[in-house]
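Each chain is listed here by its residues.
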Amino acid sequence: MMKKSLFLVALMTLVVVGSAFAQFRERVNLSLFAGGYAAQQNANNRGYWYGAYIDYMPIKTETGWLLGFCAVGDRVYFKSNTTLSRYDGSSDEMGIGLAGGKWSEFLTQKYSGYFGANLMLKSVRDNGTGKSVQPNHELGVYDMKQEDLILSGELVW
């Protein structure tokens, strides 16, 4: 399922990204994102992520509302380290759903704005390996695998 979802997101991107000219004003919007974190106090936790969000809005109402489809794909890596345990993991997320929004050129005298929402069905897969010191001072190793199907809604302002 993950490969099919990734293929659908890639195909959707190729089909509609050619008509994208301006963020939120056109029928296609593509957002790439990435980031990272490091929390060194009390633990050595760190990680990073990257991904893409796209929406395609083929319907435009007389009042200026855009309605259509959206998709997201991202990958997260994380590492947690304490004196007694360590965990290394990654997560993959793919989602597809419905989106809508409205661009306001003159929200105020100085600013424009976009308001929108989406509702997506997401598939999330987490994988990781943990190591921890047991009460008998032996090292325990475990593998974690989890798959979730999530209904997700977001508001954009």
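Just above, that's the structure.
A brief report on the enclosed structure follows. All figures in this text were calculated on a predicted structure; none of them were measured in a lab.

Some points on a nonpolar patch on the surface
On the surface, Leu84, Val133, Leu139 and Val141 cluster together into a nonpolar patch covering about 380 Å² of accessible area. As for its position among the elements, Val133 is in strand 5 (residues 113-133).

What to know about the packing of aromatic side chains
The tally for this structure, following the rule as stated, stands at 4 aromatic pairs. Between Phe78 and Tyr87, the ring centres sit 6.0 Å apart and the planes meet at 20°, which makes this aromatic pair stacked. An aromatic cluster of three or more residues is present, and its members are Phe78, Tyr87 and Tyr142.

Let's talk about unusual backbone geometry
The phi dihedral of His137 falls on the positive side, at around 70°, and the residue is not glycine. Following the sequence through the fold, His137 ends up in the loop between strand 5 and strand 6 (139-156). The exposed category is assigned to His137, whose relative accessible area is 70%.

Details of the nonpolar core
Side chains of a nonpolar character, in soluble globular proteins, are inclined to be buried together. If you look at the biggest cluster of nonpolar residues, it comprises 8 residues: Tyr53, Met57, Leu66, Cys70, Val72, Ala99, Tyr114 and Met120. The set of elements that each furnish at least two residues to this core consists of strand 2 (45-60), strand 3 (65-81) and strand 5. With 3 residues, strand 3 is the single largest residue contributor to this core.

Here's the deal with the environment of Leu121
Mapped onto the fold, Leu121 is located in strand 5. Distance in space between the C-alpha atoms of Leu121 and Val72 is 10.0 Å, their sequence separation being 49 residues. Setting aside anything within four residues of it in sequence, one finds Leu121 in contact with Met94, Gly95, Ile96, Leu149, Ile150 and Leu151.

Considering the sheet that holds strand 6
Taken together, 6 strands build an open sheet; the order of strands is 1-2-3-4-5-6 and the sheet is antiparallel. Lying at the two open borders of the sheet, with one neighbouring strand each, are strand 1 (28-39) and strand 6. Pairwise comparison of adjacent strand axes, ignoring direction, gives a mean angle of 10° for this sheet.

Analysis parameters
- Residues numbered from 1 in each chain as written.
- Predicted model: local features only at pLDDT ≥ 70, side-chain atom pairs only at ≥ 80, totals over all residues.
- Heavy atoms only, no water.
- Patch = residues over 30% accessible without salt bridge, like charges linked within 9 Å, V, L, I, M, F, W, Y side chains within 5 Å.
- Areas by Shrake-Rupley, 256 points an atom, 1.4 Å probe, with all protein chains shown as cover.
- Salt bridge = Lys/Arg side-chain N within 4 Å of Asp/Glu carboxyl O.
- Helix = DSSP H or I, 4+ residues; strand = E, 2+ residues; numbered from the N terminus.
- Phe/Tyr/Trp six-rings, centres within 6.5 Å; stacked < 30°, edge-to-face > 60°.
- Buried < 20%, exposed > 50% of the residue type's maximum accessible area, 1.4 Å probe, protein only.
- Core = buried A, V, L, I, M, F, W, Y, C linked by side-chain atoms within 4.5 Å.
- Contact = heavy atoms within 4.5 Å.
- Pairing = 2+ DSSP bridges.
- Axes fitted to C-alpha atoms, helices over the stretch in contact; angles between N-to-C directions.

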